[in-house]
Amino acid sequence: MAHAGEHDGWVPLVLLVEDDPQDALIVRELLEDSGLAVRLEWARSVKEARQALRRLRPQCVLLDLDLPDAYAFSALPAVLEEAGDAAVVVLTGLAEEQAGLAAVTAGAQDYLVKGRVEAEWLGRALRYAMQRKQAEQAAVALHAERVRAKENARLERGLLPTPLLQSMPIQVASRYQASRGSQTLGGDFFDVVESDDKIVHAVIGDVCGHGPDEAALGVCLRIAWRALVLTGLEGGALLRQLERILAAERPSPEIFVTMSTLVLEPDRRTVRLWRAGHPGMFVHTPEGVTLSEPAQGPALGLPIDGDWEQHVMELPPGGGLTLFTDGLFERRLPGEPPRWLGEEGLLELARKRAHLDGERFLDALVEDVETAAPETAADDLAVVHLRWNDDL
């Protein structure tokens, strides 16, 4: 290994791919005189270069195109394939300047003509090539982030639609957060629909896992739920049709979905609901907040025989419900021994905010959860609050 200059701190690694020992010696001497501190490794063929790239992960590659195991222009794509984050600067002969231009077009950051390279020029070329590569990567990352943000926005609109209400005086508030670790949408979804008979239907669901496939599946199930509800299906018959759709649309047979679907009758008091492996819900009354966990059937998509029973409850005047996915409460609390927030811990937080309505209740509840367990938002979350407005 040769060292070109001395410099405190991090020193970039340059891989020289050159079969001619005399040319390699010239490059080393030029680097030593360039004022650019680098660590230099030498490979004599494309095969050695690919092995060295996998092993060393250099910041820059100086590549001679005329190598013994390369033909025509094959050395550059072979090296670029393994180069990863490394900048590539091509070395050409005096009569091959057009090849250098072609190399830049094909993906190299720069080219140098042997015999015309001075020490200062070489150092500047390598420095600029590494900076140019970093700029290219930043631009690619920014573009990818913008594309992902647009895709997430489209998926989020599909997962969290505008409630389809007509005349019934029901307040709907909702919140959604992607997982903190990946900022990737998962498959949490909800919907609220009022049918022509003035019945309000609501659903909340959670596709296991998170990522674009799960989010797309959540959108599919949410739209299917809305369409089936508007055709008059509810309860077990509705869940069976959704399970059929899930089986046809999921990317792998291991994916399952938890879901609660419910009906709020026009009397503004009666609620009928069916749970498919989903967490319970909060019931809001003038006395405060309680956790309701009625009997449930299996999650959709599991190889388990079972059905979904109807559960009926009565809401007091002005009563409401808060539905949520497990991302809201499956959070580890700080301290030792390890403890989880859980549904009971979430209920304690909700009771402190029982005097708040709708949007303010959800804002406060989500903020309290983030404060209680600030570092463990590993899953996305969806929460929706429904409350009758008996003044209308």
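Reading guide: rules and limits
- Residues numbered from 1 in each chain as written.
- Predicted model: local features only at pLDDT ≥ 70, side-chain atom pairs only at ≥ 80, totals over all residues.
- Heavy atoms only, no water.
- Salt bridge = Lys/Arg side-chain N within 4 Å of Asp/Glu carboxyl O.
- Helix = DSSP H or I, 4+ residues; strand = E, 2+ residues; numbered from the N terminus.
- Buried < 20%, exposed > 50% of the residue type's maximum accessible area, 1.4 Å probe, protein only.
- Core = buried A, V, L, I, M, F, W, Y, C linked by side-chain atoms within 4.5 Å.
- Contact = heavy atoms within 4.5 Å.
- Phe/Tyr/Trp six-rings, centres within 6.5 Å; stacked < 30°, edge-to-face > 60°.
- Lys NZ or Arg CZ within 6 Å of the ring centre and 35° of its normal.

- For the protein chain, the name recorded in an unreviewed UniProt entry is Fused response regulator/phosphatase, with Actinomadura luzonensis as its organism.

Some details on the pattern of salt bridges
Inference 1: For the structure shown, the criterion picks out 18 salt bridges.
Inference 2: The closest approach of N and O atoms between R175 and E359, which form a salt bridge, is 2.7 Å. Here the residue R175 occupies a position in strand β7 (residues 170–177), and E359 occupies one in helix α9 (residues 358–372), the gap between them amounting to 184 residues.
Inference 3: E359 gets classed as partly exposed once you look at its relative accessible area, which sits at 41%.
Inference 4: A salt bridge links R353 to D368, with the nearest nitrogen and oxygen atoms 2.8 Å apart.

What about the nonpolar core?
Inference 1: Counting 24 residues, the largest nonpolar core has V61, L63 and L76 as the members making the most contacts within it.
Inference 2: Mapped onto this core, the elements with two or more residues apiece are β2 (13–17), α2 (46–56), β4 (60–64), α3 (75–83), β5 (87–92) and β6 (110–113).
Inference 3: Element by element, the count of residues in this core is highest for α3, at 5 residues.
Inference 4: With sequence-adjacent residues up to four places away left out, L63 is seen in contact with V17, A75, L76, V79, V88, V89, V90 and L91.

Here we look at the packing of aromatic side chains
Inference 1: Counted under the stated rule, the structure contains 2 aromatic pairs.
Inference 2: Each ring, one from F282 and one from F324, has its centre 4.9 Å from the other, and the planes form 50°; the classification is tilted. Here F282 is found in strand β12 (residues 281–285), whereas its partner F324 is found in strand β15 (residues 320–324), with 42 residues between them in sequence.
Inference 3: Seen in terms of ring centroids, F324 and F329 are 6.0 Å apart; in terms of plane orientation they differ by 85°. Their pairing is edge-to-face.
Inference 4: The exposure class assigned to F324 is buried, which follows from its relative accessible area of 0%.
Inference 5: Linked through ring pairs, F282, F324 and F329 together constitute an aromatic cluster.
Inference 6: Here the guanidinium or amino end of R44 rests over the ring plane of W42, the centre of that ring lying 3.7 Å away.

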